[in-house]
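Below are the chains, spelled out letter by letter.
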Amino acid sequence: MRHFGHIAPEARKRLFHQEPCEFTPDSPARLLSAALGATLYSPATRPRLADDAITQAGRGVVSMVLCLEDSIDDAEVGAAEENLVRQFSDLDGRPGDLPLLFIRVRIPEQIPDLVRRLGPTARLLSGFVLPKFTEERGIPFLESVAATEADSGRRLFAMPVLESPELLYRESRVETLEGIFRAVDKYRDRVLALRLGVTDFCSSYGLRRAPDMTAYDVQIVASVIADVVNMLGRADGTGFTVTGPVWEYFRVQERMFKPQLRQSPFLQVQAVELRKRLIEHAMDGLLREISLDHANGLLGKTCIHPSHVLPVHALSVVSHEEFSDAQDILKPERCGGGVVRSAYTNKMNEVKPHRAWAERTLLRAEAFGVANEDIGFVELLAAGLSD
């Protein structure tokens, strides 16, 4: 699989200076964690889950979570587990690429039980999403993933969800984050990414952000994101990939504030109708939030609607300017440091302080590609929507 692999090769050639790489579920964890992109969640009760996975893969989805937790009623868990076993059997042997498939479980005991019940089709599974993760609750989940991997002989990843009230409350936040770090550091090879459960954060205070606002406009949520990145997303080798919060909206009936998308990028490529569609479906707020995710050290995003996938991926593509700067900073002859003017002659590249940014940028470029010099996010969106 590859990002933008669903669009025609000639279109990719026009859009990309460096095309996104190909990867498989067996690729190195470092690449997979960067390549998760828009992770599409789906209730495990859906009767056509196998068809959904194949359809969404054909539309550019590379990671999916099949949820046995909050998205289904407590009384539906047994039937949902049976449905998963049927759907994996249906997927087995069908042609074409599948997304990376993860199951969001409720309790640690579900992990070995589901792998046993899936039988040979467990080879289609990339891992498990672990809810309401703290050190105390999370260690049994991680132990279960590790033991099940050893028993099955199949590599299994874990993606803890950071969403517990202890993480939100000021008096317990630092202690909770320290405990989470101890847990995930012990199982570092198994932890693919840390996911932020912002909806649960908001629920603790009876809050819900409007489509005109991002998670970063809700200050109590923004403070948690900042502290999570501060303690768990460092670029010194101790950090993990942290993914962005879910965007809840896919159509807006009425808005209080002006749209957040400038007209000029769309006028330049004759994409005025695309701008109108994005605004009608609350995508202007989503695009702004994705940009703020990147600015705050997050990569990838939890998504609950297929229409959110392409915006996440389009804004994850590395611009030609970013790529040029990153390559310049990482030239071997610059290992001693110093300051150089960028090739675009519009900024200073300070080699030592910008090195970690450059390394992360080149990893993102490997996963999502590098846009051609004259290509912006509007062209990437338009190409993906038209295909």
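Coordinates for the structure precede this section.
This is a predicted model, so every value here is computed, not measured. (Residues numbered from 1 in each chain as written. Predicted model: local features only at pLDDT ≥ 70, side-chain atom pairs only at ≥ 80, totals over all residues. Heavy atoms only, no water.)

**Quick word on empty space enclosed by the protein**
Item 1. Counting across every chain of the model gives 1 cavity of 30 Å³ or more.
Item 2. One number sums up the size of the largest cavity: a volume of about 40 Å³.
Item 3. The wall of the largest cavity is formed by Leu49, Ala50, Ala53, Leu66, Gln87, Phe88, Leu91 and Leu101.
Item 4. When contributions to the lining of the largest cavity are tallied by element, the ones reaching two or more residues are α3 (49–57) and α4 (77–91). (1 Å grid on protein atoms, 1.4 Å probe; cavity = no way out; pocket = protein on both sides within 12 Å on 5 of 7 lines; lining within 4 Å. Points joined across faces, edges and corners; volume = space filled by probe spheres on them. Helix = DSSP H or I, 4+ residues; strand = E, 2+ residues; numbered from the N terminus.)

**Re the packing of helix α13 (residues 283–295) against helix α14 (residues 309–316)**
Item 1. The contact between α13 and α14 brings their axes to 10 Å, and the two run at 40°. Considered as vectors, α13 and α14 are oriented oblique to each other. The interaxial crossing formed by α13 with α14 has right-handed handedness. Facing α13, whose interface residues are Met283, Leu286, Leu287, Ile290, Ser291 and His294, α14 presents Pro311, Val312, Leu315 and Ser316.
Item 2. Of the residues assigned to the contact of α13 with α14, the class counts are 7 nonpolar, 3 polar and no charged. (Axes fitted to C-alpha atoms, helices over the stretch in contact; angles between N-to-C directions. Parallel < 35°, antiparallel > 145°, perpendicular 65-115°, else oblique. Left-handed = near helix turned anticlockwise from the far one by under 90°. Contact = heavy atoms within 4.5 Å. Nonpolar A, V, L, I, M, F, W, Y, C, P; charged D, E, K, R; others polar.)

**Section: unusual backbone geometry**
Item 1. Here the phi dihedral of Phe4 falls at roughly 65°; this positive angle occurs in a residue that is not glycine.
Item 2. Structurally, Phe4 is set in the segment before α1 (9–15).
Item 3. The phi angle at Thr345 is positive, at roughly 55°, despite the residue not being glycine.
Item 4. With respect to the helices and strands, Thr345 occurs in the loop between β10 (339–341) and β11 (348–350).
Item 5. Residue Thr345 is classed as exposed on the basis of its relative accessible area of 51%. (Buried < 20%, exposed > 50% of the residue type's maximum accessible area, 1.4 Å probe, protein only.)

**Observations concerning the pairing of strand β6 (residues 157–162)**
Item 1. Of all 6 residues that make up β6, 6 are buried, and the element is covered over most of its length.
Item 2. Residues Phe157, Met159 and Val161 point to one face of β6 and Ala158, Pro160 and Leu162 to the other, with burial holding for every one of them.
Item 3. Two elements, strand β5 (residues 125–130) and β6, share 4 bridges in a ladder whose sense is parallel. Bridge pairing in β6 places Val129 opposite Met159.
Item 4. In this fold, β5 hands off to helix α6 (residues 135–152), which returns the chain to β6; that crossover is right-handed. (Pairing = 2+ DSSP bridges. Right-handed = clockwise from strand over helix to strand, strands pointing away.)

**Points about helix α10 (residues 219–232)**
Item 1. The terminal C-alpha atoms of α10, which comprises 14 residues, lie 20 Å apart, in line with the 20 Å expected from a rise of 1.5 Å per residue.
Item 2. By the burial criterion, the buried members of α10 are Val221, Ala222, Val224, Ile225, Val228, Val229 and Leu232. Projected down its long axis, α10 carries its buried residues within an arc of 160°, all on one side.
Item 3. In this structure, the buried residues of α10 make contact with β6, α7 (165–168), α8 (170–186), β7 (194–196), α9 (198–203) and β8 (242–247). (Expected span 1.5 Å × (residues − 1). Arc of directions from axis to C-beta.)

**With respect to the sheet that holds strand β4 (residues 100–104)**
Item 1. Taken in spatial order, the 8 strands close into a barrel running β2-β3-β4-β5-β6-β7-β8-β9, and their pairing is parallel. Pairwise comparison of adjacent strand axes, ignoring direction, gives a mean angle of 30° for this sheet.
Item 2. Alignment of β7 against β8, held across 2 bridges, turns out to be parallel. Residue pairing in the sheet places Arg195 in a bridge with Thr243 of β8.
Item 3. Relative to the sheet, α4 contacts β3 (63–67), β4 and β5, its axis offset from that of β4 by approximately 170°.
Item 4. Running at roughly 170° to β7, α10 makes contact with β6, β7 and β8 of the sheet.

**A closer look at the pattern of salt bridges**
Item 1. Applying the stated criterion across every chain, the model contains 34 salt bridges.
Item 2. Across the salt bridge formed by Asp51 and Arg94, the nearest N and O atoms sit 2.8 Å from each other. Here the residue Asp51 occupies a position in helix α3, and Arg94 occupies one in the loop between α4 and β4, the gap between them amounting to 43 residues.
Item 3. A salt bridge links Glu69 to Lys132, with the nearest nitrogen and oxygen atoms 2.8 Å apart. Here Glu69 is found in the loop between β3 and α4, whereas its partner Lys132 is found in the loop between β5 and α6, with 63 residues between them in sequence.
Item 4. Owing to a relative accessible area of 7%, Glu69 belongs among the buried residues under this scheme.
Item 5. Take Lys132: its relative accessible area is 27%, and that puts it in the partly exposed class.
Item 6. Each of Glu69, Asp70, Arg104, Lys132, Glu163 and Asp200 takes part in a single network of salt bridges with overlapping partners. (Salt bridge = Lys/Arg side-chain N within 4 Å of Asp/Glu carboxyl O.)

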